[in-house]
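# Architecture at a glance
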Amino acid sequence: MRSALPTELRTRIEALGLRDRHRLTHKLRGKHDPAQLAEEVAKAEQKLAARQAAVPKISYPEELPVSQRREDLLEAIRDNQVVVIAGETGSGKTTQIPKLCLELGRGVKGTIGHTQPRRIAARAVAERIASELNTEVGQAVGYVVRFTDRVSDTSLIKLMTDGILLAEIQKDRLLRNYDTIIIDEAHERSLNVDFLLGYLKQLLPKRPDLKVIITSATIDPQRFADYFDGAPVVEVSGRSYPVEIRYRPIVDPDSPDEDRDQTSAIVDAVHELRREPFGDVLIFLSGEREIRDTADALSAEKLNDTEILPLYARLSAAEQHRVFASHPGRRIVLATNVAETSLTVPGIRYVIDAGTARISRYSQRTKVQLLPIEPISQASAKQRAGRCGRTSNGICIRLYSQADHDSRPEFTDPEILRTNLASVILQMAMLELGAVERFGFLDPPDARQIADGVALLVELGALEPSTKRSLTPLGRKIAQLPVDPRLARMILEAERRGCLRDVLVVAAALSIQDPRERPAEKQQAADQQHARFADPSSDFLAYLNLWRYLREQQQSLSGNQFRRMCKAEFLNYLRIREWQDLVAQLRQLVKGMGVRIGDADVETDQIHRSLLAGLLSHVGMRDPARRDYLGARGARFAIFPGSALFGKPPSFVMAAELVETSRLWARGNAGIQPEWAEELAGHLVKRSYSEPHWERRRGAVVALERVTLFGVPLVVGRRVGYATIDPALSRELFIRHALVEGDWHTRHRFLTANQALLAELQDLENRARRRDLLVDDETVFAFYDKRIPESVVSARHFDAWWKKARHATPNLLTLTPDELIRAGAGQVSAEQFPDRWTFGEFTADLAYRFDPGTADDGLTVRIPLPALTAATGAGPDWQVPGRRAELVTALLRTLPKQLRRTVVPIPDTAAALVADLGDDLGTHPLTAVLTAALRRRGIEVPADAWQPDQLPDYLRPTYQVLGTDGSV
């Protein structure tokens, strides 16, 4: 019986759901207790039975085109692993295809995963399918959006955003939770959809049991079929009635109205449609601000029996549901492109198309993600017009000309071609899917976009700065947080600095639209209300001030009172609720990662340092001359006028975002210290050094350091030790300045002795007025260079080495005269150049200097003041013996020309005269003695012919009279 048990279990396990089958098959292969394994199998069977029992009764609305193609669709899904279903919005493909999969038995052993591009659509579709199956959301049909999970163990169909499915791949690489994946609205070509398609294409050979269904509007569905190796395409025509297209440009060239703007054009179009048969109107606008402005303008028209409803993604579920509810009278729905494909708004008979949308684009120049308002493509225009031909003939008024329409691109660029790829690259690195360039995207991204995505992740410290692009430990943590990589980096840095509580609040605020409203007609009143929360040094602290204020108000006010307070103080209640929910969800998320949030108050510097970790490429240095900021990679930006820092801009700033409109504006700013950026961006900064030089006080070589971050100077002219930067040059400068030149405050005996010897030999050069006696500095440098190890690069290093080396070889660094005097330089004797001159009982010191142009060049006689009266006679005017022949030669050259002819050759005559001088040197003037000596040779030189004032300065002694204290 024991041996038969595993065989029985194997059969039972094969009949289980996908994940349980995999888990228990793995256990069956191991050494597990059969009884315990059987118990687990029984529990899995019970769970499977509960899922089978949860399958509801399925019916299809007969009026939907999908219902009419039911048999064809069932056959295609049953017989193929991948099916492409193309149909106009309103054909029923989004709500009915999951039911077709249920009819085929899918969704029991594995969930039917159904992705939507937007949260609003995931919720709305889940509620619609649940309603048609007569079940509650969270039972047979559930949905998961960011931080909201309405799925149970018996949920057979799971609606979710494509980002949720993307995140699940990290934990479920083979997607074993699913037996069917439906990728809805694939024609929108969002970044997540393109990534999912590429991943599923790789996964399908490993999961032959997995079905993939791709739904698309009738926009090039064959492209998807070809991508999946010829998958069948099933066309489902939508319920379509004729739609009349009317072109009403905002400014009509035939009758230009200078005062007409978009809002005026919409009001005119509404009035035009009111003359048509009764029906609801759907107006497509580019954003929430345009929706608010248009709603105000239409309300001012006081249209009878008309309800005006906004529809955009940030509205609460209850607000969004209003457009689906039955209603009396006419309804005008003001929507963003969320209503273009994701949702079918019932009862729409007329469409007004402003022709624009906010389309996210990545600026290659500024490395900034932009949200410019752009003209929509022809395909999007067709989708919008098709919204009014579902139940009857419709009319679409386009607020642009037909020529404008025909000149527009046929399709909207896929998001992967116009976005920063950091999140995709991060996920791919986490999943070890290889390089982005080699991943099988439907449209491969541009190499420059890939490079920018990699650069951002390197900036955040998530990727190693190498060609391998491997994840760092920090990068793995960033990938676990389902938020923008920049925000994830802030959160992780805040954990390290102990300020996570506050940074979570700021990070959540940066993820949503600003909850502070500023209506055009009440800007001053709104600014006064919001000024209470402003901080002059930081826009981020304003979020914290507002957060604390809201918490205090909620504790003292009822729900309705709080809502009224928000409206009165120009605060958007729905965004505040979204903000609070997001903070709570982030708290729950980080706690699940084992992160401690903490409640203690922290210094604001720590908060800003944490935020800066995610904003390193949004740093700028103020340029006072141009009154703007130098930002990363040469970009120049200005602080947005709504910022608290606009009036007193700091020297360095970080910005939450850089938005390019009329110019590049920095929104959400705070002043920073450049050293913060240097610390956080140690892997990014570039350091350059200039003017390396020896510093006697530090006993080391220092240089001026310049530190830049993406071209923004953080440090300029900082003095830093140069030894670790260029050891070879530091060693050379140390030897030259400290040892050769003696520019070093130290007590090493060898250096004192060497300097004394050098001074002595230099004095001989001064006496002889020669510069060829001593060897040059290069020879002395070579002496030290040969004996000192390469590791000695500063005074500190030398002292550590010499402390040991001097005991082994005490005279290793001691110079000798033979090493300093050039070979063949000859000798300079003390007799020729004496140190003293005697005046009777007194002696004067003699000093020598060889420095032409200075006042004391040549011989200096230093006479003590008491000996001044005794210093009589010619004395030093005769010069010292070693200079006397040169002196006589110079005197002979001062004679008039006719006399000079009698003493040529002058050098020989001078030598003979010096040899004839008697013993009474210095007792008579030299010129008188020379006159007598020449007379003896038959040459008569008048006394006034000598011109000693024409002698070179160095041959005429300088006299210094010294006081008793030695002063001159």
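These remarks concern the structure in this document.

Reading the values: rules and limits
- Residues numbered from 1 in each chain as written.
- Predicted model: local features only at pLDDT ≥ 70, side-chain atom pairs only at ≥ 80, totals over all residues.
- Heavy atoms only, no water.
- Patch = residues over 30% accessible without salt bridge, like charges linked within 9 Å, V, L, I, M, F, W, Y side chains within 5 Å.
- Areas by Shrake-Rupley, 256 points an atom, 1.4 Å probe, with all protein chains shown as cover.
- Salt bridge = Lys/Arg side-chain N within 4 Å of Asp/Glu carboxyl O.
- Helix = DSSP H or I, 4+ residues; strand = E, 2+ residues; numbered from the N terminus.
- Buried < 20%, exposed > 50% of the residue type's maximum accessible area, 1.4 Å probe, protein only.
- Core = buried A, V, L, I, M, F, W, Y, C linked by side-chain atoms within 4.5 Å.
- Contact = heavy atoms within 4.5 Å.
- Pairing = 2+ DSSP bridges.
- Axes fitted to C-alpha atoms, helices over the stretch in contact; angles between N-to-C directions.
- Parallel < 35°, antiparallel > 145°, perpendicular 65-115°, else oblique.
- Nonpolar A, V, L, I, M, F, W, Y, C, P; charged D, E, K, R; others polar.
- Phe/Tyr/Trp six-rings, centres within 6.5 Å; stacked < 30°, edge-to-face > 60°.
- Lys NZ or Arg CZ within 6 Å of the ring centre and 35° of its normal.
- Expected span 1.5 Å × (residues − 1).
- Lys, Arg positive; Asp, Glu negative; His and termini not counted.
- Polar contact = N/O pair within 3.5 Å; in protein donor to acceptor, adjacent residues only side chain to side chain.
- Charge placed at Lys NZ, Arg CZ, Asp CG, Glu CD.

### Topic: a nonpolar patch on the surface
A cluster of nonpolar side chains, Leu865, Leu868 and Val961, forms an exposed patch at the surface whose accessible area comes to about 230 Å². Turning to its location among the elements, valine 961 is positioned in strand β30 (residues 958-962). By relative accessible area, valine 961 is classed as partly exposed at 32%.

### What about the nonpolar core?
Of all hydrophobic cores here, the largest spans 120 residues; its most connected members are Phe195, Ile214, Leu550, Trp579, Leu612 and Leu709. If we ignore the near neighbours within four places in the chain, the residues touching tryptophan 579 are Val505, Ala508, Ala509, Ile512, Pro515, Tyr543, Leu546, Trp547 and Leu550.

### Remarks on the sheet that holds strand β9 (residues 243-247)
The strand order β9-β18-β13-β10-β12-β11 describes an open sheet built from six strands, whose pairing is parallel. One side of each edge strand has no neighbouring strand; the edge strands of this open sheet are β9 and β11 (306-311). Between one strand axis and the next, the sheet turns through 20 degrees on average, direction left out of account. Across five bridges, strand β10 (residues 280-284) lies against strand β13 (residues 348-353) in parallel orientation. Its bridge partner lying in β13, leucine 282 is registered against valine 351. Sheet strands touched by helix α11 (residues 262-273): β9, β10, β12 (330-335), β13 and β18 (394-398). Its angle to β13, the strand with the most contacts, is close to 155 degrees.

### Describing the sheet that holds strand β4 (residues 148-150)
As summarised here, the arrangement of the eight strands in space is β4-β3-β5-β2-β6-β7-β1-β8, forming an open sheet in which the pairing is mixed. Of all strands in the sheet, those with a lone pairing partner are β4 and β8 (233-236), marking the two edges. Neighbour to neighbour, the strand axes of the sheet diverge by 20 degrees on average, direction disregarded. Inspection of the sheet shows strand β2 (residues 111-116) paired to strand β5 (residues 157-161) by five bridges, in the parallel sense. Along β5, the bridge assignment pairs glutamine 116 with threonine 161. Along the sheet, helix α5 (residues 70-79) makes contact with β1 (82-87), β7 (211-216) and β8, crossing β7 at roughly 135 degrees.

### Re the environment of proline 328
Mapped onto the elements of the fold, proline 328 is located in the loop between α13 (317-321) and β12. Measuring from C-alpha to C-alpha, the distance between proline 328 and threonine 306 comes to 8.8 Å, with 22 residues separating the pair along the chain.

### Details of the packing of helix α20 (residues 500-511) against helix α22 (residues 539-556)
Where α20 meets α22, the axes come as close as 9 Å, and the angle between the chain directions of the two elements is 105 degrees. Considered as vectors, α20 and α22 are oriented roughly perpendicular to each other. Taking contact as the criterion, the partners of Asp502, Val505, Val506, Ala509 and Leu510 in α20 are, on α22, Phe540, Tyr543, Leu544, Trp547 and Arg548. Split into classes, the residues belonging to the contact of α20 with α22 amount to eight nonpolar, no polar and two charged.

### Considerations on the pattern of salt bridges
Across all of its chains, the model carries 59 salt bridges by this definition. Note that glutamate 40 is salt-bridged to arginine 23, the shortest N-O span being 2.9 Å. Of the two residues, glutamate 40 is situated in helix α3 (residues 34-53) and arginine 23 in helix α2 (residues 18-29); the sequence distance between them amounts to 17 residues. Classification of arginine 23 by relative accessible area gives partly exposed; the value is 34%. As a salt-bridge pair, glutamate 71 and arginine 70 come within 2.9 Å of each other at their nearest N and O atoms. Through salt bridges that share partners, Arg489, Glu493, Arg496, Arg497, Arg609 and Glu679 make up one connected network.

### Side note on the packing of aromatic side chains
For the structure on display, the rule yields 24 aromatic pairs. Relative to phenylalanine 441, the ring of phenylalanine 195 lies with its centre 6.4 Å away and its plane at 50 degrees, an arrangement referred to as tilted. With phenylalanine 195 in helix α9 (residues 191-203) and phenylalanine 441 in the loop between α16 (422-430) and α17 (447-459), the pair connects residues that are 246 residues apart, well separated along the chain. Phenylalanine 441 gets classed as buried once you look at its relative accessible area, which sits at 5%. When the ring of phenylalanine 562 is compared with that of tyrosine 573, the centres are 6.2 Å apart and the planes differ by 65 degrees; the resulting orientation is edge-to-face. Here phenylalanine 562 is found in helix α23 (residues 559-568), whereas its partner tyrosine 573 is found in helix α24 (residues 573-592), with eleven residues between them in sequence. Taken together, Trp694, Phe734, Trp744, Phe750, Phe783, Tyr784, Phe798, Trp801 and Trp802 form an aromatic cluster joined through their ring pairs. When the ring centre of tryptophan 665 is taken as reference, the NZ or CZ atom of arginine 663 above it lies at 5.3 Å.

### Details of α20
Over its twelve residues, α20 runs 16 Å from end to end, which matches the ideal 16 Å to within 8%, given 1.5 Å per residue. Extensive coverage of α20 is indicated by the burial of ten of its twelve residues. Inspection of α20 places Leu500, Arg501, Asp502, Val503, Leu504, Val505, Val506, Ala507, Ala508 and Ala509 among the buried residues, and these make up the whole buried set. On its buried side, α20 packs onto α19 (485-497), α22, α24 and α25 (604-612).

### Topic: the packing of α2 against α3
Contact geometry for α2 and α3: axes closest at 11 Å, N-to-C directions at 170 degrees. Taken as axis vectors, α2 and α3 run roughly antiparallel relative to one another. The segment α2 lies against α3, with Asp20, Arg23, Leu24, Lys27 and Leu28 engaging Leu37, Glu40, Val41, Ala44 and Lys47.

### Some words on the side chain of arginine 51
Counting through the fold element by element, arginine 51 comes out in helix α3. Look at arginine 51: it is buried, it has no salt bridge, and the nearest opposite charge is aspartate 153 at 6.6 Å. Among the polar contacts listed, one links the side chain of arginine 51 to the backbone oxygen of serine 155, at a separation of 3.1 Å. Setting aside chain neighbours within four positions, we find arginine 51 in contact with Gly107, Val108, Gly110, Thr111, Asp153, Thr154, Ser155 and Leu156.

### Thoughts on a positive patch on the surface
Taken together, the side chains of Arg289, Arg292, Arg358 and Arg667 present a region of like positive charge at the surface. Mapped onto the fold, arginine 289 is located in helix α12 (residues 288-300). Judged by relative accessible area, which is 59%, arginine 289 ranks as exposed.

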